[in-house]
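Breakdown of the fold
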Amino acid sequence: MQPEDMPDAFLSYAREDDRILNKFITGFRNRLADEVRLQTGEPFTIFQDNQTMLWGDNWQEVIEAAVGGARFLIPIVTPSFLGSGYCREEVELFRRAEQRRGRADLILPVHLVQTDAVTDKRLRGADAVADLLSGRTMPDLTALSRRSIASPLVKQTIAELARHIKERLARDRTGGAGPTRPPPDVPALPDFVPVPVQDRVGVLDDLKAALAQPGTVAIELYGEPGIGKTAIAVQLAHDLARERTARYLTATGNPAVTVNSVLESLARAVPDPEDHDRLLERLAGPEMDLLTRLDEVLDRLGRQPVLLVVDDAQELLSGGALPDDGLGLLLAELAGHHGHRVQLLFVTAEPLPLRGLARVRVAEGLPSPFFGRLLADLEATRAVGLATLPEPELQRVTGGRPRSAELIYGIRAGQSPPAYDPLPAGAGPPGLEAALLDSLDEAGAGVLQALAVYGRPARADAVAHLAELPEPEVGAILAELVRRRVVRRHGDRHHLPAAEAERLTVALAPGTLAERRRHAARFLEAAARGRPAGCLADLADALDAIDLHVSAGNASHALALMTDLDERHLKEWGHSDVLTPWLRRLSGELTDLGEQVQNAALLGRALAHQGRLDQAILTLYAAGRLNNALRSTDNQLTLLVQLGGYHFRAGEVRRAAARYGDALRAAPAGHRMIAAAWAGLALCRAETGDFTAALDGIGTARQAVGGDASGSELLRVRLRLSEAAIRLELGERGCLELAREAGDTARRAGADVLGARCDEVLARAWMLRDRREDALAAAAAAYRVGTRVGSPELTRTAGTTLATVRLWRGEIEPALVAARVAARFRRNPLVAEAIAVKGVAAYRTGRDDRLAAAAFREAAQRARDLLDRQPGSYRLHETHGLALAGLALQDGGDEEAAVAAYRRAIAVDHDVPGAARRRQVLFAALTAEESDRVLPRLRDLLG
């Protein structure tokens, strides 16, 4: 249903009633629509499912869209109405929509057939929907339903109802109470916000003003627990929903606030559903570190305005600091990243240690009369006698805090008749929580205590295990506590507000609390072991178990769990970074030296997966120093090979080679790390032009793998791929078969990214053979995989190769597209080549000299910076030469500097055929439309 098709009102009724009453309800609808039009002079549409729906419409979707889009709900109240699950759901749907709009006057029930549940006060509290309807002004047609719709009394009643609708429409037009049309839905907002936000206009205006300030990325909404911050944030999200996409996360919810949940929430804000689904798939893959994932999300969002609400943000802190440094890095990058329109609203009971936050404070509770309106709205949900309590005194003892009013409501809702009087008892949070426990039976108190021990959203089965009660009984207790506004629900999980949970566990002795948390952790651990895992969401139980073990002081077991989880899933997925907060915390708690080394090695990988290679390298060196005292050969070799890989990824080839060499010298014969060390050393030698030694290293690594079939097949593929790339540079024909064979094996093993890397090498081999169609097909295949899975390394290399092939074929515009994509991954130290190729393509279009010049300058500077650290890389000298040649061609720059750079590349690689061919293709593409007299020395040098 499109916005322009939304009805003004939704008629909710039981169809059988309309049949029995000879279409009285249908006639009522038609007469009311005409009467409103008569009184207002404007059309007024009323949705009736048998009148407005078309054949083939999806009934459920149309009903939900109509209920959510209508201005008014008109329930036709009868016994059949209250007995209809559909009618009841329509009331609940609209009640939530009414709350989001900040209104409590948009449900207009009509009492058509005598219904005791809404008229008999003795039945109050038995039916929440009946209680809600009975609390509204309700015209009584019970004596008229068997008369003609044209009878004077019926017409008079309809005219009066039309007058009420007219008044509410006028209120909308004057802006007195809410929007004239409901805002778009805001996914993931909590449904536990109890009532429409009351008052708070000043706070909302301050928040909107802060968001409107240029350059504002993050805002803190600060106030003590229970003062109504979440309701304000929800109202803000709805107020702004027409102009920006809003998303909601809470640190006490499911999912919790982590790097991955923040990125996924932002990804879901991408307007095109297919595009955001593909983006979510790439984010879950193993190929992107944290910062590259952020770049990918922001690139897809473009200039789309997004507001991400992060509720209960104080729960992200430990000792006043943010222990999840991955999350801290993400937030800092968002704040410092220009060109996006993402804004964050942190809702917190404790100031956050983040720089650049704009701060808005909620300093006090609700003043009268707004507190009274809050009480009335709570009472409308289920009558518990709040109106019998003196409102001024109640407001004084609660400080006007909405959460205190909720708890009083929850206590009285559990008593029959309601008896709790907060005035003599005092209504401070500890007193309310004590009264709450007293209002529960033994089973209910046990469930509440179990939730408090978990301290996080928990499923009913987990609560039942800890409370030692049957799961169905616990499910019923939790449902009742949700209805009483005591417990929050997130999907299939329940939790208590953090401050309340903490106070409820104070009575437990520290040893008892720790033991109960270990008991809970063991249950979640067992549940995780019995469940297959294909993505991070499947590891929720395992991660919660780790958190409980850490909080219970069970550091060694937590480390063992993290190590196992990393080996089985996280390392392969590229998501070791989710362990960072616990690894940081354990760094100061582990006493065993071996465990300290193990923790540091795992932390190093987590930092690398965040994209912080420099810190990862420092962490691994620190682990190595710890291991010197331990003298563990296994630890030493693992750390050295890990360091070699990180140095190589950082462009520090000599340091990488040194670490691989250290590993080989320290390894005893037959050790499992020998093959990996030789393979890494071979790559370093190839990068510095020592191709013969590189091939020797590949051969030695292959021998070291030997006949071991466990986990070594993909290592054999990588060795064949490395050998193919080396033989390609040497111009040997065997590279084609090696690359093909390696790619086929990788794909059979399900390693699509590795197979695509083989295709990229194959494309360069075909280019060496002058096979343009074959080169294009192989390069395009590798590029498609890279962009599909979001692999920065593959997309960079395959995109650069595809752009080079396109330039070689004279296809300039497609070449520029591929080069732009390849050059996007600027966090990669080796992206300079892609940027230089982008400069060539941009220059050849002839449209944007500034784009070409900027690309050439950036590529030259990046190559130069890396060469200062690593002078032996011929590919970097080659890239430097191409960028300088572009600058010389474009603005008459120094051709001699480009000649010198190319000569340094040739001196390193000895002008081997593969490298020479690549240089010729790119230089020919750069100068294809230039006179032979342009850059003559480079022409002579490159042939």
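The chain has the name TIR domain-containing protein in an unreviewed UniProt entry, where Actinoplanes nipponensis is given as its organism.

**Digging into the packing of aromatic side chains**
Tallied over the entire structure, the rule returns three aromatic pairs. Ring centres 6.3 Å apart and planes at 45° place the aromatic pair Phe44 and Phe72 in the tilted group. Residue Phe44 is located in the loop between helix H2 (24–40) and strand E2 (46–47), and its partner Phe72 is located in strand E3 (residues 72–77); the two are separated by 28 residues in the primary sequence. You'll find Phe44 and Phe72 in the same group, each marked buried.

**Topic: the sheet that holds E3**
Read across the sheet, four strands follow the order E2-E1-E3-E4 without closing on themselves; strand pairing throughout is parallel. Lying at the two open borders of the sheet, with one neighbouring strand each, are E2 and strand E4 (110–111). Bridge count for strand E1 (residues 9–12) against E3 is four bridges, and the pairing is parallel. Bridge assignment links Leu11 to a residue of E3, and that residue is Ile74.

**Looking at the nonpolar core**
In globular proteins that are soluble, nonpolar side chains generally tend to be buried together. By size, the foremost hydrophobic cluster in this structure holds 92 residues, and its most contacted members are Leu448, Tyr454, Leu496, Ile546, Met562 and Leu579. Counting residues per element, this core draws most heavily on helix H21 (residues 442–454), which supplies nine residues. Listed in part, the 78 residues of the second largest apolar core include Leu794, Leu802, Ala823 and Ala883.

**Here we look at the pairing of E1**
Residues Ala9 and Leu11 line one face of E1 and the alternating positions Phe10 and Ser12 line the opposite face, and both faces are buried. Taken together, the two bridges between E1 and E2 define a ladder with parallel strand orientation. By the bridge assignment for E2, Phe10 is matched with Phe47.

**Some thoughts on the sheet that holds strand E9 (residues 358–361)**
In spatial order, the strands read E6-E7-E8-E5-E9; together these five strands make up an open sheet with parallel pairing. Two strands in the sheet have a free side with no partner beyond their single neighbour: strand E6 (245–250) and E9. This sheet shows a mean twist of 20° between the axes of neighbouring strands, independent of strand direction. Bridge count between strand E5 (residues 218–222) and E9: four bridges; the pairing is parallel. The residue of E9 that forms the bridge with Glu220 is Arg359.

**A word on the pattern of salt bridges**
Applying the stated criterion across every chain yields a total of 62 salt bridges. The salt bridge partner of Arg747 is Asp744, with a shortest N-O separation of 3.7 Å. Linking Arg747 with Asp744, this pair stays in helix H36 (residues 734–748), spanning three residues, or about one helical turn. In this structure, Arg806 engages Glu811 in a salt bridge whose closest nitrogen and oxygen atoms are separated by 2.7 Å. With a relative accessible area of 21%, Glu811 lands in the partly exposed category. Through salt bridges with shared partners, one network takes in Arg456, Arg459, Asp461, Arg493, Arg531, Asp541, Asp544 and Asp547.

**Concerning unusual backbone geometry**
Among all residues save glycine, negative phi is the norm, and among peptide bonds the norm is trans. Even without being a glycine, Asn22 presents a positive backbone phi close to 55°. Following the sequence through the fold, Asn22 ends up in the loop between helix H1 (15–20) and H2. The phi dihedral of His910 falls on the positive side, at around 60°, and the residue is not glycine. On the secondary structure map, His910 appears in the loop between helix H44 (895–909) and helix H45 (913–926).

**Quick word on the packing of helix H22 (residues 460–467) against helix H25 (residues 510–529)**
A pair of packed helices can be characterised by two numbers: the angle between their axes and the separation between those axes. Where H22 meets H25, the axes come as close as 10 Å, and the angle between the chain directions of the two elements is 135°. Compared by their axis directions, H22 and H25 come out oblique. In the crossing of H22 with H25, the sense of the turn from one axis to the other is right-handed. Facing Asp461, Ala462, His465 and Leu466 of H22, the residues of H25 in contact are Arg516, His519, Ala520, Phe523 and Leu524.

**Some thoughts on helix H37 (residues 752–768)**
For H37, with 17 residues, the first-to-last C-alpha span of 25 Å sits near the 24 Å given by 1.5 Å per residue. Burial runs high along H37: 15 of the 17 residues are buried.

**Quick notes on the side chain of Ser873**
By the secondary structure assignment, Ser873 is in the loop between helix H42 (849–869) and helix H43 (874–891). There is a polar contact of 2.9 Å between the side chain of Ser873 and the side chain of Glu687. Apart from residues lying up to four places away in sequence, Ser873 is in contact with Glu687 and Leu867.

**What to know about helix H11 (residues 229–239)**
Counting buried residues in H11 gives 10 out of 11 residues, a clear majority hidden from the surface. Buried within H11 we find Lys229, Thr230, Ala231, Ile232, Ala233, Val234, Gln235, Leu236, Ala237 and His238.

About the criteria used
Residues numbered from 1 in each chain as written. Predicted model: local features only at pLDDT ≥ 70, side-chain atom pairs only at ≥ 80, totals over all residues. Heavy atoms only, no water. Phe/Tyr/Trp six-rings, centres within 6.5 Å; stacked < 30°, edge-to-face > 60°. Helix = DSSP H or I, 4+ residues; strand = E, 2+ residues; numbered from the N terminus. Buried < 20%, exposed > 50% of the residue type's maximum accessible area, 1.4 Å probe, protein only. Pairing = 2+ DSSP bridges. Core = buried A, V, L, I, M, F, W, Y, C linked by side-chain atoms within 4.5 Å. Axes fitted to C-alpha atoms, helices over the stretch in contact; angles between N-to-C directions. Salt bridge = Lys/Arg side-chain N within 4 Å of Asp/Glu carboxyl O. Parallel < 35°, antiparallel > 145°, perpendicular 65-115°, else oblique. Left-handed = near helix turned anticlockwise from the far one by under 90°. Contact = heavy atoms within 4.5 Å. Expected span 1.5 Å × (residues − 1). Polar contact = N/O pair within 3.5 Å; in protein donor to acceptor, adjacent residues only side chain to side chain.

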